[in-house]
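# Structure at a glance
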Amino acid sequence: MREMLSVAIVDDEAEERRRLRGYLDEVAQQKGFRLCADEYETGDAFLVQYQPMYDLVFLDIDFPNGQNGIEIARALRRIDTTVVLIFVTNMAQLAVEGYEVDALDFIVKPIDRYAFQLKMTRALSRVALASSERIAVRQEGEMRGLKVPLIRYLTIDGHYVIYHSREGDFSEYITLAAAEKKLNSPLFCRCNRGCLVNLRFVSEIRRDTCVVDGDELAVARTQRAEFLKAYAQFLGGTRQGG
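Residues numbered from 1 in each chain as written. Predicted model: local features only at pLDDT ≥ 70, side-chain atom pairs only at ≥ 80, totals over all residues. Heavy atoms only, no water.

Quick look at the layout of surface pockets now. As a volume, the second largest pocket reaches approximately 200 Å³. Taken together, Tyr50, Gln51, Ile79, Gln139, Glu140, Glu142, Met143, Arg144 and Phe170 make up the lining of the second largest pocket. Its residues placed into classes, the lining of the second largest pocket shows four nonpolar, two polar and three charged. (1 Å grid on protein atoms, 1.4 Å probe; cavity = no way out; pocket = protein on both sides within 12 Å on 5 of 7 lines; lining within 4 Å. Points joined across faces, edges and corners; volume = space filled by probe spheres on them. Nonpolar A, V, L, I, M, F, W, Y, C, P; charged D, E, K, R; others polar.)

Structure (structure tokens):
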């Protein structure tokens, strides 16, 4: 289990936030990790300065000011596609809408301690999986969480690395070596000195190029043998990653 769990609690009811925080403290003590929990009374306060730094979000569905937790969740997913989301509600009939925003589960108020602990076991497993498949990228002073399996390849542009992802292209002031270390996956391999390729997206390796998700990239003569070996291992199932 990770050493720190970062949680956001978004609920207009102070008593429910207090109860949830207390149960989280108990789980943290039992599991042996540190807890960092931020509380928000409204969805607007939660979203306005959101950064993809949370592992887990508990989100109320019904707010007295007319806000709807489902709409808040849709806005959240436009910013962060991987954070683990659990709805907290006294309107269980609305929780089924959570599937469209990839909510892991829902908890009915008033929160029961035993039921909460059972749901947290599942949530922590999802957090561990999501964390292994996501990296934080800083772009123009803002942090964004990128899904590693959706990153097609990385290239260099001056002092920046460009992450070419199916979520879009994102630049970060970092070296390619540092980005490679951050990814920490054997499925990324250099086809040349300035390009790191996700082997999942390679469809063809030609004489001096490779096709990556429809894009043709140069394969350096000095990298060709290692790149071919890595791709063969990937196809054979002996080179695997998150």
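From this point on, the discussion continues.
Glancing now at the pattern of salt bridges. This model, assessed by the stated rule, comprises 19 salt bridges. The partner of Arg134 in a salt bridge is Asp80, and the shortest N-O contact between them spans 3.1 Å. Note that Arg134 is positioned in strand 6 (residues 134–139) and Asp80 in the loop between helix 3 (69–79) and strand 4 (84–89), a separation of 54 residues in sequence. Measuring nitrogen to oxygen at the nearest pair gives 3.2 Å for the salt bridge that ties Glu180 to Arg190. A residue pair is termed long-range when its members are at least 10 positions apart, and Glu180 in helix 5 (residues 176–183) and Arg190 in strand 11 (residues 188–192) qualify at 10 residues. A relative accessible area of 30% means that Glu180 is categorised as partly exposed. (Salt bridge = Lys/Arg side-chain N within 4 Å of Asp/Glu carboxyl O. Helix = DSSP H or I, 4+ residues; strand = E, 2+ residues; numbered from the N terminus. Buried < 20%, exposed > 50% of the residue type's maximum accessible area, 1.4 Å probe, protein only.)

Take the nonpolar core next. As a rule of thumb, soluble globular proteins bury nonpolar side chains together. Among the nonpolar cores identified, the biggest contains 25 residues, and Val7, Leu24, Leu56, Phe58, Phe116 and Met120 are the most heavily contacted of them. Of all elements in the fold, only strand 1 (4–10), helix 1 (14–31), strand 2 (34–40), strand 3 (56–60), strand 4 and helix 4 (113–132) reach the threshold of two or more residues within this core. With six residues, helix 4 is the single largest residue contributor to this core. Every residue in contact with Leu24, bar those within four places of it in the chain, is listed here: Val7, Ile9, Leu35, Phe58, Phe116 and Met120. Core analysis: the second largest hydrophobic core is formed by 21 residues, Ala8, Val10, Leu59 and Ala73 among them. (Core = buried A, V, L, I, M, F, W, Y, C linked by side-chain atoms within 4.5 Å. Contact = heavy atoms within 4.5 Å.)

With that settled, the discussion passes to the pairing of strand 6. Relative to strand 7 (residues 142–147), strand 6 is paired through six bridges, and the arrangement is antiparallel. Directly across from Ile135, in strand 7, lies its bridge partner Leu146. The turn joining strand 6 and strand 7, which pair antiparallel and follow one another in sequence, is formed by two residues; a positive phi near 50° is taken by Glu140. (Pairing = 2+ DSSP bridges.)

What follows is about the sheet that holds strand 9 (residues 160–165). With antiparallel pairing, the five strands of this open sheet are ordered in space as 10-9-8-12-11. A single partner strand is all that each edge strand has here, and the edge strands are strand 10 (168–173) and strand 11. Adjacent strand axes in the sheet meet at a mean angle of 25°, parallel and antiparallel pairs treated alike. Inspection of the sheet shows strand 8 (residues 151–157) paired to strand 9 by six bridges, in the antiparallel sense. Residue Leu154 lies in a different strand from strand 9, and its bridge partner there is Tyr163. Packed on one face of the sheet, helix 5 meets strand 8, strand 9, strand 10, strand 11 and strand 12 (195–198) and runs near 160° to strand 8. Of the strands in this sheet, strand 11 and strand 12 are in contact with helix 6 (residues 224–235), which crosses strand 11 at around 150°. (Axes fitted to C-alpha atoms, helices over the stretch in contact; angles between N-to-C directions.)

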